[in-house]
Amino acid sequence: MIELENFCKEYKKLFSQKISFQVQDVSFCVEKGQIVGLVGANGAGKTTILKAIAGLHYPTSGKIYIGDSFNKFDVEENPNLTKKLVGYVPEKSILPKNIRVIEFLDYIANLHELSGEEKKEAIDFVVKKCSLKDVLNKKIKELSKGYAQRVSFAQALIFNPPNLILDEPFSGLDPAQIIQIRQLILDLSQEKAILISTHILQEVHNLCNKVVIMNNGELKIFGSENQINSHYNVTKIEEAFLKIVSENYS
């Protein structure tokens, strides 16, 4: 479970005391078994939200809660626990280029303090789930964009977190790779809460149970695709999105 409660993030401009809000008063929830799409134009605040959920920075005000099957926890108060409950696939993964895939997975497993049979099972699980068997002995620099993305997924899954956040997971992929990653996300959603940021609204339609639409750091609407379309009196999520972002230019 991922829950934002009146989340705000503000920054002070360099050499100025003026406060600039990046995100203001955002509240929504992602339950186990759900895929929620986070969409908005560039600068809407999507990555700010994802990084806060991952514990890479903290709210200026409001709360972020992360949960498992039993409890929920404040991210700011439990940063170490957050790292155990959230898998994060960033838009631009910084993977070491000169080591083999299997060596990288072994290194990530060690970081999560996995050892012995538990580590072997974890590596076997992500290799199978992310279809990496054929490239285990390749150096990461030799991988296609699609396989590199799969390795990024694997590092986020190796400790089997109940929550997963994905920042533009389809960026730079060809159509076949998009289909493969889409199916991977659908498979994972059966046991996890997944929040996905993407500019590809067709994938929002293909994947998401609910959608958060952001504009200028504000949450404009949160609901199912049908609810959003009905609210804006349109038939497609693309049309609702265009109505919202057109506020910038009216």
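Residues numbered from 1 in each chain as written. Predicted model: local features only at pLDDT ≥ 70, side-chain atom pairs only at ≥ 80, totals over all residues. Heavy atoms only, no water.

Asks: Could you give an account of the overall build of the protein chain, naming the residues involved and the relevant values?
Replies: Along the protein chain, the regular secondary structure elements total nine helices and 10 strands. Its C-alpha atoms give the protein chain a radius of gyration of 19 Å, near enough to 18 Å, the size a compact globule of 250 residues would have. Viewed in the frame of its principal axes, the protein chain has a C-alpha envelope of about 55 × 40 × 40 Å. In the protein chain, once contacts between residues fewer than 6 apart in sequence are set aside, the share between residues at least 24 apart is 66%. In the form shown here, the protein chain has an accessible surface area of approximately 12800 Å², with 48% of it arising from carbon and sulfur atoms. The positive charge centre, built from 30 side chains, and the negative charge centre, built from 30, are 5 Å apart in the protein chain. (Helix = DSSP H or I, 4+ residues; strand = E, 2+ residues; numbered from the N terminus. Rg over C-alpha atoms; globule rule 2.2 N^0.38 Å. Contact = heavy atoms within 4.5 Å. Areas by Shrake-Rupley, 256 points an atom, 1.4 Å probe, with all protein chains shown as cover. Lys, Arg positive; Asp, Glu negative; His and termini not counted. Charge placed at Lys NZ, Arg CZ, Asp CG, Glu CD.)

Asks: Talk me through the pairing of strand β6 (residues 86-89); I want residue IDs and the actual numbers.
Replies: Along β6, one buried face is formed by Val-86 and Tyr-88 and the opposite face, lined by Gly-87 and Val-89, is buried too. Across four bridges, β6 lies against strand β7 (residues 163-167) in parallel orientation. Looking across to β7, one finds that Gly-87 is bridged to Leu-164. (Buried < 20%, exposed > 50% of the residue type's maximum accessible area, 1.4 Å probe, protein only. Pairing = 2+ DSSP bridges.)

Asks: Can you explain the nonpolar core? Please cite residues and give values.
Replies: By size, the foremost hydrophobic cluster in this structure holds 53 residues, and its most contacted members are Leu-105, Phe-153, Ile-158, Ile-185 and Ile-213. Once you skip the residues sitting within four places of it in the chain, Ile-185 turns out to touch Ile-35, Phe-153, Leu-166, Pro-169, Phe-170, Ile-194, Ile-196 and Leu-207. Of all hydrophobic cores here, the second largest spans 26 residues; its members include Val-36, Leu-38, Leu-195 and Val-212. (Core = buried A, V, L, I, M, F, W, Y, C linked by side-chain atoms within 4.5 Å.)

Asks: Before we move on, could you go through the environment of Val-89 and cite the residues and values that matter?
Replies: Residue position: Val-89 is located in strand β6. Accessibility expressed as a relative area gives 1% for Val-89, which makes it buried. As a C-alpha pair, Val-89 and Gln-149 span 60 residues in sequence and 8.7 Å in three-dimensional space. Filtering out sequence-adjacent residues up to four positions away, Val-89 remains in contact with Gln-149, Ser-152, Phe-153, Ala-156, Ile-165, Leu-166 and Asp-167.

Asks: Please set out unusual backbone geometry residue by residue, giving values where relevant.
Replies: Phi is positive for Asn-160, close to 55 degrees, though the residue is something other than glycine. Tracing the chain through its elements places Asn-160 in the loop between α5 (145-157) and β7. With phi around 50 degrees, Glu-168 is a residue other than glycine that occupies positive phi space. Summarising the element assignment, Glu-168 is placed in the loop between β7 and α6 (175-188). Residue classification places Glu-168 among the buried positions, given a relative accessible area of 7%.

Asks: So what's going on with the packing of aromatic side chains? Which residues, and what values?
Replies: Per the stated rule, a full pass over the model turns up one aromatic pair. With centroids separated by 5.8 Å and ring planes inclined at 50 degrees, the aromatic side chains of Phe-28 and Phe-222 adopt a geometry described as tilted. Residue Phe-28 is located in strand β2 (residues 19-30), and its partner Phe-222 is located in strand β10 (residues 218-223); the two are separated by 194 residues in the primary sequence. Judged by relative accessible area, which is 4%, Phe-28 ranks as buried. Since its relative accessible area comes to 29%, Phe-222 is described here as partly exposed. The ring of Tyr-65 has Lys-72 sitting right over it, with the charged end atom 4.6 Å from the ring centre. (Phe/Tyr/Trp six-rings, centres within 6.5 Å; stacked < 30°, edge-to-face > 60°. Lys NZ or Arg CZ within 6 Å of the ring centre and 35° of its normal.)

Asks: Go over the confidence of the model for the protein chain with me, naming the residues and quoting the values.
Replies: In the predicted model, the protein chain carries a mean pLDDT of 89, and 94% of its residues have values of at least 70. When mean pLDDT is taken per element in the protein chain, strand β3 (residues 35-39) scores highest with 96 and β2 scores lowest with 84. (pLDDT = per-residue confidence, 0-100.)

Asks: I'd love a proper account of the packing of helix α3 (residues 101-111) against α5, names of residues and values included.
Replies: At a minimum axis distance of 9 Å, the contact between α3 and α5 shows a crossing angle of 25 degrees. When the axis of α3 is compared with that of α5, the two are roughly parallel. For the crossing formed where α3 meets α5, the hand is right-handed. Across the interface between the two elements, Val-101, Phe-104, Leu-105 and Ile-108 of α3 pack against Val-151, Ala-154 and Gln-155 of α5. The residue makeup of the contact of α3 with α5, split by class, is six nonpolar, one polar and no charged. (Axes fitted to C-alpha atoms, helices over the stretch in contact; angles between N-to-C directions. Parallel < 35°, antiparallel > 145°, perpendicular 65-115°, else oblique. Left-handed = near helix turned anticlockwise from the far one by under 90°. Nonpolar A, V, L, I, M, F, W, Y, C, P; charged D, E, K, R; others polar.)

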